[in-house]
Amino acid sequence: MELQKTSNGHHDLSPNRIPENGFDALENMTEGDNFLPNKSNGKIETQFTDFEGKTSFRMSIFNLSNAIMGSGILGLAYAMANTGIILFVILLISITVLSAYSIHLLLKTAGVVGIRAYEQLGYRAFGPPGKILAACIITLHNIGAMSSYLFIVKIELPHIIQGLMELPDNSTDWFVDGRCLIIIVSVTVILPLALMKRLGYLGYTSGFSLSCMVFFLISVIYKKFVIECSLEHSYNETGVTESIYNSTDDTCEAKFITINPQTAFTIPIMAFAFVCHPEVLPIYTELKNPNKKRMQNVANISILAMFVMYLLTAIFGYLTFYGKVDSELLKMYSKKDTLMLCVRLAVLIAVTLTVPVVLFPIRRAVLQLLFPDKPFHWMRHISIAVCVLFFVNLLVIFVPNIRDIFGFIGATSAPSLIFILPGIFYICIVPEAQEPLKSRPKIQAIVFVTLGFIFMIMSIMFIIIEWVNGKKTSGGH
Ligand SMILES: NC(=O)C[C@H](N)C(=O)O
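Overview of the structure. None of these values were measured; they are calculated from a predicted model.

Take the side chain of Gln368 next. Within the secondary structure, Gln368 sits in helix 12 (residues 338-370). Judged by its relative accessible area of 6%, Gln368 is buried. Polar side-chain contacts of Gln368 include one of 2.6 Å to the side chain of Gln120.

Structure representation (structure tokens):
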């Protein structure tokens with residue numbers, strides 16, 4: 001699809017030139033493209049002409065909620081065990097509000113320049129290095145998230161099959177080999193969904209994925225009332241020793257406020273659980289009748305719904321196992337219990353259906369970096385998805401314990417995507433004439449970025465300290 005060039009050599013994206021297939025226009029968009037500012041009520045409002053979205057409000061909520069909800073939910077009970085109920089609730093509310101504020105910054109910045117692509121905002125703020133930085137952080141973070149989802153499939157699916165088929169624990173058949181299973185799941189479920197041309201089409205699978213997580217939550221609540229907390233409860237059945245992740249507290253009593261060395265992981269776990277920022281602008285691009293308020297509503301509803309689910313999961317998970325809860329809640333439940341086998345399956349389905357949603361921003365970042373001026377092409381669309389999935393599969397198959405890598409990625413990319421980048425883009429892109437540096441919104445954004453840097457430095461420091469201590473206590477292994 002060809003866009004007409006204006007006299008200054010830029011693409012003309014004026015409203016009377018809205019392309020038939022706006023998606024191509026977005027993929028086509030280059031750094032020099034102009035967007036038409038629309039002066040209404042004396043305020044400059046940029047009209048988005050990059051794409052005419054067709055995804056309904058409800059489907060967009062499903063997609064964004066699905067992007068938020070992932071493996072992060074499994075670590076929240078553990079986070080609560082290491083902060084106590086009150087501190088946890090305060091931190092969770094703070095991260096929820098900050099996450100919504102960050103989306104507000106992204107949407108406002110996108111509105112000012114009329115671009116709904118994270119990487120392009122990076123370009124507007126800092127030129128090519130800004131674009132490369134944003135694309136790399138998105139790719140790194142989302143590959144980390146995808147790997148964590150496939151890691152769950154690799155570990156849990158064999159147990160589910162063994163449990164449902166009543167096979168002995170030591171069976172060596174190929175269908176209980178996690179490595180074979182992730183390849184099968186990737187090829188038969190994830191790849192076809194990742195090949196969809198638009199994220200909007202994933203609304204139905206996202207809705208289904210969310211209902212699986214609701215089932216998980218209901219079961220966690222139910223189990224609280226049937227499982228008795230016992231001090232001898234053995235939860236490390238898989239034999240994986242993770243000294244740095246194990247809680248030190250072994251009592252069956254709820255703590256309201258507590259601080260221990262593992263408290264350091266709380267903010268990275270919560271921040272990771274709320275990351276959906278690379279998906280926000282792609283979802284906005286496909287929203288029907290888009291405007292900032294409507295998209296902010298999509299974000300607020302999704303964030304609020306996920307906040308409720310996170311809070312309930314954490315509280316009931318914690319009140320079932322107290323200080324002994326593992327950093328992966330599912331590990332705590334018996335593998336012989338049919339209900340819990342079904343719950344594991346539901347969580348697996350939920351995270352598997354999240355993988356394609358998380359893959360979309362990676363493909364967009366790669367396209368923006370390697371083929372910035374090229375129109376949509378199926379070959380590129382398909383090959384990037386295949387390469388990304390291939391790489392993530394290799395990672396999950398050959399790296400035995402990627403938790404440390406996640407810890408580091410969670411501590412660096414999550415604060416960057418939530419706090420630092422949206423704040424810096426806002427400060428740099430919203431013109432001084434519209435909002436001077438000393439205006440309230442800009443000062444708020446500066447504080448927000450500073451907070452992001454503090455979180456990031458603190459998390460990295462704590463994680464390094466824990467690694468060093470963990471290595472010492474496990475004899476240097
Ligand atoms: N979308 C992501 O990056 C992570 C997601 N928030 C999770 O909890 O797994």
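After that view, the rundown keeps rolling.
With that out of the way, let us pick up the site of the ligand. The local shell around the ligand consists of Ala67, Ile68, Gly70, Ser71, Gly72, His141, Ala145, Tyr149, Phe272, Ala273, Val275 and Tyr310. Between the ligand and the protein, one listed contact pairs a nitrogen atom with a backbone N or O atom of Ile68 at 2.6 Å. Ser71 has a polar backbone atom sitting 3.0 Å from an oxygen atom of the ligand. Computed on the free molecule, the ligand has an accessible area of 270 Å², of which 100% lies beneath the protein chains in the complex. When contributions to the shell around the ligand are tallied by element, the ones reaching two or more residues are helix 2 (57-68), helix 6 (128-165) and helix 9 (266-274). The leading source of residues in the shell around the ligand is helix 6, at three residues.

A few words on the pattern of salt bridges. Where charged atoms from two side chains of opposite charge approach closely, those side chains can pair. Counted according to the given criterion, the structure contains five salt bridges. Of the charged contacts, one joins Glu435 and Lys108 as a salt bridge, the two residues approaching to 2.7 Å between their closest N and O atoms. With Glu435 in the loop between helix 14 (403-429) and helix 15 (440-473) and Lys108 in helix 4 (residues 85-113), this pair connects stretches of sequence that are 327 residues apart. Among the residues examined, Lys108 registers a relative accessible area of 23% and is labelled partly exposed. The salt bridge partner of Asp337 is Lys223, with a shortest N-O separation of 2.4 Å. Residue Asp337 is located in the loop between helix 11 (292-321) and helix 12, and its partner Lys223 is located in helix 8 (residues 203-226); the two are separated by 114 residues in the primary sequence.

The rules we used
Residues numbered from 1 in each chain as written. Predicted model: local features only at pLDDT ≥ 70, side-chain atom pairs only at ≥ 80, totals over all residues. Heavy atoms only, no water. Helix = DSSP H or I, 4+ residues; strand = E, 2+ residues; numbered from the N terminus. Buried < 20%, exposed > 50% of the residue type's maximum accessible area, 1.4 Å probe, protein only. Polar contact = N/O pair within 3.5 Å; in protein donor to acceptor, adjacent residues only side chain to side chain. Near = heavy atom within 4 Å. Areas by Shrake-Rupley, 256 points an atom, 1.4 Å probe, with all protein chains shown as cover. Salt bridge = Lys/Arg side-chain N within 4 Å of Asp/Glu carboxyl O.

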